[in-house]
Amino acid sequence: NAGVTQTPKFQVLKTGQSMTLQCAQDMNHNSMYWYRQDPGMGLRLIYYSASEGTTDKGEVPNGYNVSRLNKREFSLRLESAAPSQTSVYFCASSAQGGPNYGYTFGSGTRLTVV
Amino acid sequence: KQEVTQIPAALSVPEGENLVLNCSFTDSAIYNLQWFRQDPGKGLTSLLLIQSSQREQTSGRLNASLDKSSGRSTLYIAASQPGDSATYLCAGPAGGTSYGKLTFGQGTILTVHP
């Protein structure tokens, strides 16, 4: 099925460990995004990539890095995980511009940092 | 900066009722507004996308309206069913952008009981 695929679905890290969350889309979308969702805080944008080769900070970028590997793939890296990064992470993609673009979300990665 | 607020935070209704979910936003220059559904432990599913030039969009039992002048959008669900139980989120582009980065409301948790 076409869509956004995220891996892994679940992860437990120890404080200070690093990891990369992977995201791939097969809809030929130009733009990709990483959000985190926390109780009481809603969804907040971490980083986004408007098009291949570009990345920009969102609302809560501290502690994260991203790589737009190619048009399909957009990864999120935690260099030194902290308990405050315990969250559910969602990757999304959208076509750029046009009257009918919309967002497609992945199913999420549940990350716990202990 | 775009701010999005959803009221009520939670809603419980008996099956068969028609209901309205409310979404308000601060940037009236909003380019479009989207409504999403999120089931527990799942990702977000796009329901309806309303462009700024449109007043409403319909999909099955769902109807979403957009009133830029008042900074409001509503999602109307007709003849609610237990399967409609989920969290409903509205989102609009972050201030100053015509597409891409979204600002989300906190969501309305809907429970439809038989």
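Positions within a chain are numbered from 1, following the residues in the order the chain's sequence is written. Going through the entries in the order they are written, you letter the chains from A and number the ligands from 1. Given that this is a predicted model, residues contribute local features only at a pLDDT of at least 70 and side-chain atom pairs are listed and counted only at 80 or more, while totals for whole chains, interfaces and linings are drawn from all residues. Values shown for side chains rest on all heavy atoms present in the structure; no hydrogens or waters enter the calculation.

Draft legend 1. Quick look at the overall build of chain A. Secondary structure elements are defined from DSSP: runs of H or I of at least 4 residues count as helices, runs of E of at least 2 residues count as strands, and each element is numbered from the N terminus. In terms of helices and strands, chain A carries 0 helices and 11 strands. Helices and strands in chain A line up, N terminus first, as β-β-β-β-β-β-β-β-β-β-β. Radius of gyration: C-alpha atoms only; globule rule: 2.2 Å multiplied by the number of residues to the exponent 0.38. In terms of C-alpha radius of gyration, chain A reaches 13 Å, essentially the compact-globule figure of 13 Å for 114 residues. Type-normalised accessible area, obtained with a 1.4 Å probe on protein chains alone, sets the label of each residue: buried when under 20%, exposed when over 50%, and partly exposed for intermediate values. Taken over 114 residues, chain A has a buried fraction of 46%. The contact definition used throughout considers only heavy atoms, calling two residues in contact when any of these lie within 4.5 Å. Here the analysis covers contacts within chain A between residues at least 6 apart in sequence; of these, 55% occur between residues at least 24 apart. Accessible areas in this description were obtained via Shrake-Rupley with a 1.4 Å probe; residue shielding takes into account the shown protein chains only. In the structure as shown, chain A presents an accessible area of about 5,200 Å², 48% of it carried by carbon and sulfur atoms. The charge count includes Lys and Arg as positive and Asp and Glu as negative, but it does not include His or the ends of the chains. Just so you know, the charge point we use is NZ for Lys, CZ for Arg, CG for Asp and CD for Glu. Charged side chains in chain A number 10 positive and 7 negative. The centres of these two groups are separated by 6 Å.

Draft legend 2. Spatial organisation of the state of the cysteines. Residues and elements named next belong to chain B. Cysteine sulfur atoms that pair up within 2.5 Å are treated as a disulfide. In the structure shown here, the tally under the stated rule is 2 disulfides over all chains. Between the sulfur of Cys23 and that of Cys90 lies a disulfide, 2.0 Å long from S to S. The chirality of the disulfide connecting Cys23 with Cys90 is right-handed, given an S-S dihedral of about 85°. With Cys23 in strand S3 (residues 19–25) and Cys90 in strand S9 (residues 86–93), this residue pair connects regions lying 67 residues apart in the sequence. Each member of the pair, Cys23 as well as Cys90, is classed as buried.

Draft legend 3. Highlighting the sheet that holds strand S1 (residues 4–7) of chain B. Residues and elements named next belong to chain B. Spatially, 5 strands are ordered S1-S3-S8-S7-S6 in an open sheet, and the strand pairing comes out antiparallel. Either end of the sheet is taken by a strand with one partner, and the two such strands are S1 and strand S6 (56–59). Averaged over all adjacent pairs, the angle separating strand axes in this sheet is 15°, with direction ignored. The pairing of S3 with strand S8 (residues 72–77) spans 6 bridges and is antiparallel. Any two strands with at least two DSSP-identified bridges between them are counted as paired. Only the contacting stretch of a helix is used when fitting its axis, a line to C-alpha atoms as for every element, and angles between N-to-C directions run 0 to 180 degrees.

Draft legend 4. Up close: the pattern of salt bridges. Residues and elements named next belong to chain A. Every case where a carboxyl oxygen of Asp or Glu lies within 4 Å of a side-chain nitrogen of Lys or Arg is listed as a salt bridge. Counted by the stated rule, this structure contains 5 salt bridges over all chains. In this structure, Glu79 engages Arg77 in a salt bridge whose closest nitrogen and oxygen atoms are separated by 3.2 Å. On the basis of relative accessibility, which here comes to 42%, the residue Glu79 falls in the partly exposed class. Shared partners join several salt bridges into a network, and the residues in it are Arg36, Asp38 and Arg44.

Draft legend 5. Up close: the packing of aromatic side chains. A pair of aromatic rings is counted whenever rings of Phe, Tyr or Trp (Trp by its six-membered ring) have centres within 6.5 Å, and the orientation is called stacked for planes under 30 degrees apart, edge-to-face for over 60 and tilted otherwise. Within this structure, the stated rule accounts for 11 aromatic pairs over all chains. Here Tyr33 of chain A and Tyr35 of chain A contribute two aromatic rings whose centre-to-centre distance is 6.5 Å and whose plane-to-plane angle is 40°, an arrangement assigned as tilted. Side by side, Tyr33 of chain A and Tyr35 of chain A carry an identical accessibility label, which is buried. Both rings, one in Phe105 of chain A and one in Phe104 of chain B, keep their centres 6.0 Å apart while their planes meet at 75°; by these two values the pair is edge-to-face. With Phe105 of chain A in strand S10 (residues 103–105) and Phe104 of chain B in strand S10 (residues 102–104), this residue pair bridges two chains. Of the two residues, Phe105 of chain A and Phe104 of chain B, neither departs from the other in class, the shared state being buried. Cluster of aromatic residues (ring-pair linked, three or more members): Tyr33, Tyr35, Phe90, Tyr103 and Phe105 of chain A together with Phe36 and Phe104 of chain B.

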